[in-house]
Amino acid sequence: MSETNETFTSGSSTEQQTARSRRSLYRERLDRYVLTPLRVIWNDWRTRLGTLIILFYILVGTVGVHYISEPQIGGPRLAGIFEAPGYPLGTNNLGEGLMSSLVHATPPMLKMITAGAVFATGIAVALGTVSGYKGGRVDTVLSTLIDIAMTVPGLPLIILLVVTFQPTNPFVIGIVLSINSWAGLARNIRSQVLELRDNSYIEASRIMGRSTGGIVYDDILPNIMPFVLISFVNTARAVIFGSVGLYYLGILQTPENNWGIMLNNAYSAGGALYSWDSLYWIVLPMATIVLLSFGLVLFSQGTERLFNPRIRARHAETIDETSPMEE
């Protein structure tokens, strides 16, 4: 009986130790991959402000559209800001509320930004990293492909694709607007990887027999991620300005609200550039575009801190033994 009790006690103790180890592991992962980046973001005013601006637009595009009704024709025409009850940002020449138009134009814009930036950055990182690390024939083939893409004029290609296929899906429009913007980023990433692949720690990983994917993921990507994130934001801003410009010129067509169409209507139908009474009509969508772009720029300026191991170690509560510590 005593041996049975000792065995039961030993098994229970082992299970408790395993459970504590799992909880410790989960807590360490939560702190390392979620809480520590949040602390780093909140500690830098640029990243903090940029994140708040981006979150505001995300909330407007996801929650705000359910609480603010779609713009309807029939309200007071050309009412200024805070002049008509129920229309805090005024109305256009048809009596549509500008706040409703701005809010309901946000979701398709966010979809375009996400699709275009993810598409261009993903292709650039994949091709640039593989080309720079592998070298040889792989580098020759991929570099040739990148050079060909860089020689294609972007704006004429975009206009040709838009006029030919007339896309209306925001995700498709975002990809079309960034159809060849990945080439320059891929070339820059290749140059950085060429410098990194000869470093001693990467040579050591290669000698130890680590896989190419593991070396790229653990040793190369963390060093180029600040540049990648900045390029991601620049691509997103290019999608914003490109889509607004093409909608303003009438090249892109959509049944939904759009900031570019609002600018076009304010200029052509409202004469907002020539009348102080309707100037708000063109200033509001411009301010919306500028604020989103400003938030993206602030966020990108502080993201390099996210991938600095010393800064991450300083803000981490649970630090792995292999993590570099602040001297």
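Definitions and limits used
- Residues numbered from 1 in each chain as written.
- Predicted model: local features only at pLDDT ≥ 70, side-chain atom pairs only at ≥ 80, totals over all residues.
- Heavy atoms only, no water.
- Core = buried A, V, L, I, M, F, W, Y, C linked by side-chain atoms within 4.5 Å.
- Buried < 20%, exposed > 50% of the residue type's maximum accessible area, 1.4 Å probe, protein only.
- Contact = heavy atoms within 4.5 Å.
- Helix = DSSP H or I, 4+ residues; strand = E, 2+ residues; numbered from the N terminus.
- Arc of directions from axis to C-beta.
- pLDDT = per-residue confidence, 0-100.
- Patch = residues over 30% accessible without salt bridge, like charges linked within 9 Å, V, L, I, M, F, W, Y side chains within 5 Å.
- Areas by Shrake-Rupley, 256 points an atom, 1.4 Å probe, with all protein chains shown as cover.
- Salt bridge = Lys/Arg side-chain N within 4 Å of Asp/Glu carboxyl O.
- Phe/Tyr/Trp six-rings, centres within 6.5 Å; stacked < 30°, edge-to-face > 60°.
- Lys NZ or Arg CZ within 6 Å of the ring centre and 35° of its normal.
- Axes fitted to C-alpha atoms, helices over the stretch in contact; angles between N-to-C directions.
- Left-handed = near helix turned anticlockwise from the far one by under 90°.
- Nonpolar A, V, L, I, M, F, W, Y, C, P; charged D, E, K, R; others polar.

Moving on, we come to the nonpolar core. M109, I240, W259, L292 and L296 are the most contacted members of the largest nonpolar core, which totals 35 residues. If near-sequence neighbours (up to four positions away) are discounted, W259 is found in contact with Y57, L102, A105, T106, M109, V244, P285, T288, I289 and L292.

So, on to helix α10 (residues 259–268). When α10 is considered as a whole, its buried residues turn out to be W259, G260, M262, L263 and A266. Seen from one end, α10 has its buried residues packed into an arc of 160°, which puts them on one side. Buried residues along α10 sit in contact with α2 (45–67), α3 (98–134), α9 (212–249) and α11 (279–302).

Let's shift gears to the confidence of the model for the protein chain. On average, the protein chain scores 82 in pLDDT, and the residues at 70 or more come to 87%. Note on residues 319–327: pLDDT under 50 across the span, and 11 contacts to partners over four residues away in sequence or across chains.

Let us now look at a nonpolar patch on the surface. On the surface, L30, V34, L35 and L38 cluster together into a nonpolar patch covering about 320 Å² of accessible area. With respect to the element layout, L35 can be found in helix α1 (residues 2–43).

What follows covers the packing of aromatic side chains. This structure, assessed with the given rule, holds three aromatic pairs. Look at F56 and Y57: their rings are 5.8 Å apart centre to centre, the planes differ by 85°, and that puts the pair in the edge-to-face class. By relative accessible area, F56 is classed as partly exposed at 46%. On the basis of relative accessibility, which here comes to 4%, the residue Y57 falls in the buried class. Site record: aromatic cluster; members linked through ring pairs are F56, Y57 and W259. For the cation-ring pair, R48 lies above W42, with the distance from its terminal atom to the ring centre recorded as 5.3 Å.

What follows deals with the packing of α3 against α9. One can describe the packing of α3 onto α9 by two numbers: an axis separation of 7 Å at closest approach and a directional angle of 145°. Seen from above, α3 lies across α9 with right-handed handedness. The class makeup of the residues in the contact of α3 with α9 is 20 nonpolar, six polar and one charged.

Attention shifts here to the packing of helix α4 (residues 136–151) against helix α7 (residues 182–196). Any two packed helices are characterised by how steeply their axes cross, that is the angle between the axes, and by the distance between the axes. Following both chains from N to C, one finds α4 and α7 inclined at 145°, their axes separated by 8 Å at the closest point. When the axes of α4 and α7 are compared, the crossing they make is left-handed. Judged by residue contacts, D139, S143, L145, I146, D147, A149 and M150 of α4 engage W182, A183, G184, A186, R187 and R190 from α7. Split by residue class, the contact of α4 with α7 holds seven nonpolar, two polar and four charged.

Turning to the side chain of S293, a few remarks are in order. Take S293: it is sitting in helix α11. In contact with S293, not counting residues within four places along its chain, are R237 and F241.

So, on to the pattern of salt bridges. A complete count under the given rule lists two salt bridges for this structure. D139 is paired through a salt bridge with R190; the nearest N and O atoms lie 2.7 Å apart. Within this pair, whereas D139 is found in helix α4, its partner R190 is found in helix α7, the two being separated by 51 residues in sequence. Assigned by exposure class, D139 and R190 land together as buried. With a shortest N-O distance of 2.2 Å, R187 and D147 are connected by a salt bridge. Residue R187 is found in helix α7, and its partner D147 is found in helix α4; the two are separated by 40 residues along the sequence. A relative accessible area of 35% means that D147 is categorised as partly exposed.

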